[in-house]
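Listed here are the chains, written in short residue letters.
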Amino acid sequence: MTARQLQVAVIGAGASGLCAARHLLAKPHIFAPPVVYEQSAGVGGTWVYTERTGKDDHGLPIQSSMYRDLRTNLPKEIMGFPDFPFEASPTSFIHHTDVKSYLEKYTEHFEIQRHIKFLTYVELLKPVSGPTEDAHGSWEITSLNLKSQSRSLERYDSVIVCNGHYSDPLIPHIPGIENFKGQSMHSHEYRFAEPFRGKNLVLLGAGSSGVDIALELCLVANQVVLIYKHSFTSSPLPPNCLLVKGVNKFTQTGVIGNDGIEYPADVFMFCTGYNYTFPFLAKDVGLNVKDHRITPLYKHIVNTTFPTLFFIGICKTVCPFPLFHNQVLFALATLDGTYRLPPKPKMDATTEHEYQSSLQNGIPHRHFHKLDSLQWEYINELSSFAKREPLPPVFKDLYETNKEIRKQDLCSYKRFNYKIVSHDTWIKVSPKPL
């Protein structure tokens, strides 16, 4: 137990940052009210939709990658924070505005809003002393008020970074792109399908966004070619959607696939994901991002050199809000004494063992933070460390079932609706099972 309240800052007021603030506020005997830095004017992070792309009014990159007609690819019944479920409604796969509304209600319910510094850009986060296990007074944040253009310097015992990872597009080099006469763009800039009516499009990347956007575009486009790396579906697709394995190079008017066939393209869209980026981190923090792996992090969260610096939401292909919830509780458990972190050499050795095991199981280096079905054991481990209730098994069961249904029926899996009836049981409520 600490002798005084710990001052903790949170960077970002998206879902993970709001979760961090909520749980800091829940322990006022240990933590002072948090300060949450948010560069936009509202909460929600990537769930805030804007038709604007490029830069905002302050010359900063638009953070959100949300597109107008997005519906969730997970049932809302397993999307919510475990202590704040979505309100009951007939639809399981909800529109993005419903998620934003949910996060606004979460903010109101837990009285988070007054602790958020909106329109405040974090310019620098730096340690004020050497690496230490002593949390007291170890971080300085320099921030810029985007309205007044005034700067502030504040000191904190700990910082929780929740800046998301859907804002810095990853654009791999493809030979010949400089000769391509059509339009090239990243899915980060995609907002709606109408501008692409009657066009031939080639999309590179068959992750969740690539597939969803491809299916949207098929409603208006002449042809959509979706280039994939690994087989991902046995689902029937619209007649104007072609699946092509791998791209070789650009031509002036399209691309040549690994099958040697040229596919015409008025528009080429990179649906290739995003880079991890932390532009505010001082170099002496020593965080390294190499080919999509971040080191030195213990359990994908704790900076092992400065163990009062935490990163929430690094993991990909997960049930996000329940994951954030457990990551935050673990981070706070290390601060309040519930869980004592091992020494740095042991934390790094544990992480290296996990990394090597991942490689041996055929998971590429760049996918070390991509958990998918590994998330359940990981979440249970975090809840055990934090001495908290584990996630009910129904989350895993419905997530994995939905994943299989999606693979088999990409075009219409969202027509199903679900209801959780107990901690380990769900039912399909409509339409009736096929």
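Everything below is about the structure shown above.
Below, the structure is looked at part by part. One numbering rule holds for all chains: residues counted from 1, following each sequence as written. Side-chain atom pairs in this predicted model are given and counted only at pLDDT of 80 or more, local residue features only at pLDDT of at least 70, and totals for whole chains, interfaces and linings cover all residues. Side-chain calculation: all heavy atoms of the structure are included, whereas hydrogens and water are not.

1. Considerations on the overall build of the chain
Along the backbone of the chain there are 7 helices and 22 strands. Only C-alpha atoms enter the radius of gyration; for comparison, a globular chain is expected to reach 2.2 Å times N to the power 0.38, where N is the number of residues. For the chain, whose C-alpha radius of gyration is 22 Å, the value lies close to the compact-globule estimate of 22 Å for 434 residues. Along the three orthogonal principal directions, the C-alpha set of the chain runs to about 65 × 50 × 45 Å. Between buried and exposed lies partly exposed: a residue is buried under 20% and exposed over 50% of the maximum accessible area for its type, with that area taken using a 1.4 Å probe on protein chains only. The burial tally for the chain puts 52% of its 434 residues in the buried class. Carbon together with sulfur atoms contributes 52% to the accessible area of the chain, which is approximately 19,600 Å² in total. Under this rule, positive means Lys or Arg and negative means Asp or Glu; His and the chain ends count for nothing. Throughout, a charge is located at the NZ atom of Lys, the CZ atom of Arg, the CG atom of Asp or the CD atom of Glu. Both charge centroids of the chain, one from 44 positive and one from 42 negative side chains, sit 1 Å from each other. Each helix is a run of DSSP H or I of at least 4 residues and each strand a run of E of at least 2, with the numbering of both proceeding from the N terminus. Shrake-Rupley sampling with a 1.4 Å probe provides the accessible areas, and residues are treated as covered by the protein chains on show and by no other component.

2. A look at the environment of Tyr 339
Along the chain, Tyr 339 turns up in the loop between helix H4 (320-336) and helix H5 (344-360). Assessed through its relative accessible area of 13%, Tyr 339 is described here as buried. A sequence separation of 47 residues divides Tyr 339 from Ala 386, and the C-alpha atoms of the two residues are 6.2 Å apart. Leaving out residues up to four positions away in the same chain, Tyr 339 has contacts with Tyr 298, Phe 330, Ala 333, Thr 334 and Phe 385. At 3.2 Å, the side chain of Tyr 339 forms a polar contact with the side chain of Tyr 298. Here a residue-residue contact requires only that any non-hydrogen atoms of the pair lie within 4.5 Å. Between N or O atoms, a polar contact is any pair within 3.5 Å; within protein, one atom must be a potential hydrogen donor and the other a potential acceptor, and residues adjacent in sequence are included only when both atoms are from side chains.

3. A word on the packing of helix H1 (residues 15-25) against helix H2 (residues 96-109)
Helix axes are fitted only over the stretch in contact, all axes being lines through C-alpha atoms; the angle between N-to-C directions runs from 0 to 180 degrees. One can describe the packing of H1 onto H2 by two numbers: an axis separation of 10 Å at closest approach and a directional angle of 15°. By the criterion of interaxial angle, the relationship of H1 to H2 is roughly parallel. Considering only the axes of H1 and H2, their crossing is left-handed. Judged by residue contacts, Ala 15, Leu 18, Cys 19, Arg 22 and His 23 of H1 engage Leu 103, Tyr 106 and Thr 107 from H2. Here the contact of H1 with H2 is composed, by residue class, of 5 nonpolar, 2 polar and 1 charged. Relative orientations are named as follows: roughly parallel for angles under 35 degrees, roughly antiparallel for angles over 145 degrees, roughly perpendicular for angles from 65 to 115 degrees, and oblique for any other angle. Crossing handedness is read from the near helix: turned anticlockwise from the far helix by less than a right angle, it gives a left-handed crossing, and turned clockwise, a right-handed one. All amino acids are sorted into three groups, where Ala, Val, Leu, Ile, Met, Phe, Trp, Tyr, Cys and Pro are nonpolar, Asp, Glu, Lys and Arg are charged, and the leftover types, Gly among them, are polar.

4. Brief notes about the sheet that holds strand S9 (residues 200-204)
Here a strand pair is declared whenever DSSP counts at least two bridges between the two strands. Pairing is parallel in the open sheet, where 5 strands are placed in the order S8-S15-S9-S10-S11. Taken across any chain shown, the strands that pair with only one partner, and hence form the sheet edges, are strand S8 (183-186) and strand S11 (241-245). Each strand of the sheet is rotated relative to its neighbour by a mean of 20°, with strand direction disregarded. With 5 bridges connecting them, strand S10 (residues 223-228) and S11 associate as parallel partners.

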